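Inside the fold
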Amino acid sequence: MTAELLGTVLNAPLPALLAASDSVANLAGVHAGDPPPHANAPTGPILAVAVYIALAGMCLGMLLCMWRLVRGPTLSDRVLAADLLALHVVGIVIALTIYLNDMVFFPAALAVGILGFVSTVGFAQYIHATAGNPEHPHADAPDPANVRRGGIPPLNPGRPPSTPLHPADAGSA
Amino acid sequence: MNNLFDTLAAFFLLVGLFFFFVGAVGIVKLPDVYHRLHAASKSSTLGLMGLLLAATFHMGTTEVGVKAIGVMGFIFVANPIGSHLLAKAALKARAPVWEGTLRDDAEPSER
């Protein structure tokens, strides 16, 4: 009884999802009365709870990745965060496969995985090729001040007032 | 039988979530790029394996099993390669090292 109640509560968002998929199915020529294949998914209460926890946890993990993506002191940190973000998308797609009891999104997991790998390799080659090149400055430039602060630079690193912005300013200021 | 497979799927789903979440926390909490690479690459590979096992146990068809093996094999090859390239690039670009680092074995010519 409790398990049934729990299943009912947990499946509450499903009708909205089904209504949305019905309107798409009408466009695709599927009869409106037909239940979608995932409508009577034999998902037990244990698995339903686990899927909800997994989806929520991975969304939280994506938020953490985005924090590193925004904050990351070097470009390598941002690329790493984007790679982990792509892997979280793969994980969410697989959890969605279990939730919907439907295989439609499964090839997307492989596609997103390949895209994440290729973008990581591309950005790694970019960082490797432009390291130390003043024409392509990114945040990986060596900064001895960062090492002493544990590799974490200040959020808004200001230039020390003693160093002139341009050699021409040295005399005037 | 169905109940057993559901329980197995839930177990592996939570195992995968655990490893994914450890990776996501590590990428936020650890002090420099090399530590973060260590956290992110290994844990996400294991976490994805757990999720794919969960999907295979739940769906129980050959189709999903073959696709899961394909994704697993690709990630097992691609994730270490990407992390290795990123670590080499970070070394070349002289990404800052944590102040508690005891020794740095990277050749000076690589930096």
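Residues numbered from 1 in each chain as written. Chains lettered and ligands numbered in written order. Predicted model: local features only at pLDDT ≥ 70, side-chain atom pairs only at ≥ 80, totals over all residues.

**A short note on the overall build of chain A**
Formally: Numbering of helices and strands runs from the N terminus, with a helix taken as a DSSP run of H or I at least four residues long and a strand as a DSSP run of E at least two residues long. Buried means a residue has 20 or more other C-beta atoms within 10 Å of its own C-beta, exposed means 12 or fewer, and partly exposed covers the counts in between; C-beta atoms are placed from the backbone.
The helix and strand tally for chain A stands at seven helices and zero strands. Secondary structure elements in chain A, listed N-terminal to C-terminal, are α-α-α-α-α-α-α. Within chain A, the fraction of its 173 residues that count as buried is 29%.

**Quick look at the overall build of chain B**
Basically, it comes down to this: For a compact globule the rule gives 2.2 Å times the number of residues to the power 0.38, and the radius of gyration it is set against comes from C-alpha atoms. Residues are defined as contacting one another if the C-beta atoms placed from their backbone atoms lie within 7 Å.
Each helix and strand counted, chain B has three helices and zero strands in total. Each helix and strand of chain B, placed in order from N terminus to C terminus, yields the pattern α-α-α. Scaling as 2.2 N^0.38, a compact globule of 111 residues should have a C-alpha radius of gyration of about 13 Å, whereas chain B reaches 18 Å, well beyond that. For chain B, the spread of C-alpha atoms along the principal axes amounts to about 60 × 25 × 15 Å. Contacts in chain B between residues at least 24 apart in sequence constitute 60% of all its contacts with a sequence separation of at least 6.

**Some words on the interface of chain B and chain A**
Condition: The classification used treats Ala, Val, Leu, Ile, Met, Phe, Trp, Tyr, Cys and Pro as nonpolar, Asp, Glu, Lys and Arg as charged, and all other residues, Gly among them, as polar.
Chain B puts 54 residues into the contact, and the matching count from chain A is 52 residues. Those elements that place two or more of their residues in the side of chain B that touches chain A are helix H1 (2-29), helix H2 (33-59) and helix H3 (62-92) of chain B. For the side of chain B that touches chain A, the element with the most residues is H1(B), which contributes 17 residues. Here the residues of the side of chain B that touches chain A are counted per class, giving 35 nonpolar, 10 polar and nine charged.

**Comments concerning unusual backbone geometry**
Leaving glycine aside, a negative phi is the common case for residues, and trans is the common case for peptide bonds. With a phi close to 55°, A:Asn101 is a non-glycine residue in the positive phi region. In this fold, A:Asn101 is placed in the loop between helix H4 (75-100) and helix H5 (106-130).

**Section: H2(B)**
Residues and elements named next belong to chain B. Going by this rule: Given the number of residues in a helix, its expected span is that number minus one, multiplied by 1.5 Å.
Over its 27 residues, H2 extends 38 Å from the first C-alpha to the last, a length consistent with the 39 Å expected when each residue adds 1.5 Å. Counted residue by residue, H2 has 21 buried out of 27 residues, so it is predominantly covered. Gly60 lies just past H2 and shows a positive phi near 70°.

**Thoughts on the confidence of the model for chain B**
Definition in use: On a scale of 0 to 100, pLDDT captures the predictor's confidence in every residue.
In this model, chain B carries a mean pLDDT of 87, and residues with pLDDT of at least 70 account for 94%. Interface scoring of the predicted complex returns ipTM 0.91; its pTM is 0.73.

**Quick word on the packing of H4(A) against H1(B)**
Short version of the rule: Note on method: axes are straight lines fitted to C-alpha atoms, helices fitted across the in-contact stretch only, with angles between N-to-C directions ranging 0 to 180 degrees. Relative orientations are named as follows: roughly parallel for angles under 35 degrees, roughly antiparallel for angles over 145 degrees, roughly perpendicular for angles from 65 to 115 degrees, and oblique for any other angle. Take the far helix as the reference: if the near one is turned anticlockwise from it by less than a right angle, the crossing is left-handed, and if turned clockwise, right-handed.
Running from N to C, H4(A) and H1(B) cross one another at 165°; their axes reach a closest spacing of 11 Å. Accordingly, the angle class assigned to the pair H4(A) and H1(B) is roughly antiparallel. Once H4(A) is placed against H1(B), the crossing between them reads as left-handed. On H1(B), the residues that touch A:Leu80, A:Ala81, A:Leu84, A:His88, A:Gly91, A:Ala95 and A:Ile98 of H4(A) are B:Ala9, B:Leu13, B:Gly16, B:Phe20, B:Gly23, B:Ala24 and B:Ile27. Of the residues that constitute the contact of H4(A) with H1(B), the class distribution is 10 nonpolar, four polar and no charged.

**Looking at the nonpolar core**
Defined as follows: Remark: nonpolar core denotes a set of buried Ala, Val, Leu, Ile, Met, Phe, Trp, Tyr and Cys residues whose joining runs through C-beta atoms within 7 Å.
One finds A:Val51, A:Leu84, A:Ala95, B:Leu13, B:Ile27, B:Ala54 and B:Ala90 to be the most contacted residues of the largest nonpolar core, which totals 64 residues. For this core, the secondary-structure elements that each account for two or more residues are helix H3 (45-71), H4 and H5 of chain A together with H1, H2 and H3 of chain B. Element by element, the count of residues in this core is highest for H4(A), at 16 residues. Non-local contacts of A:Leu84, meaning those with residues more than four positions away in its chain, are made with A:Cys65, B:Gly23, B:Ala24, B:Ile27, B:Ala40 and B:Ser44.

**Brief notes about H5(A)**
Helix length check: H5(A) (25 residues) gives 37 Å between terminal C-alpha atoms against 36 Å at 1.5 Å per residue, within 8%. Those residues of H5(A) that sit buried are A:Phe106, A:Ala109, A:Val112, A:Gly113, A:Gly116, A:Phe117, A:Thr120, A:Phe123, A:Ala124 and A:Ile127. Looking at the buried side of H5(A), the elements it contacts are H4 of chain A together with H3 of chain B. Trailing H5(A) by a residue or two, A:Gly132 shows a phi angle of about 80°, which is positive.

**Quick look at the confidence of the model for chain A**
Confidence in the prediction of chain A, expressed as mean pLDDT, is 72, and 54% of residues score 70 or more. Note that pLDDT drops below 50 for residues 146-157 of chain A; the model gives that stretch 21 contacts with residues more than four away or on any other chain.

**Considerations on the environment of B:His35**
Residues and elements named next belong to chain B. Mapped onto the elements of the fold, His35 is located in helix H2. You can call His35 partly exposed: it has 17 C-beta atoms within 10 Å. Those residues within four positions of His35 in sequence are excluded, and the remaining contacts are Leu30 and Trp98.

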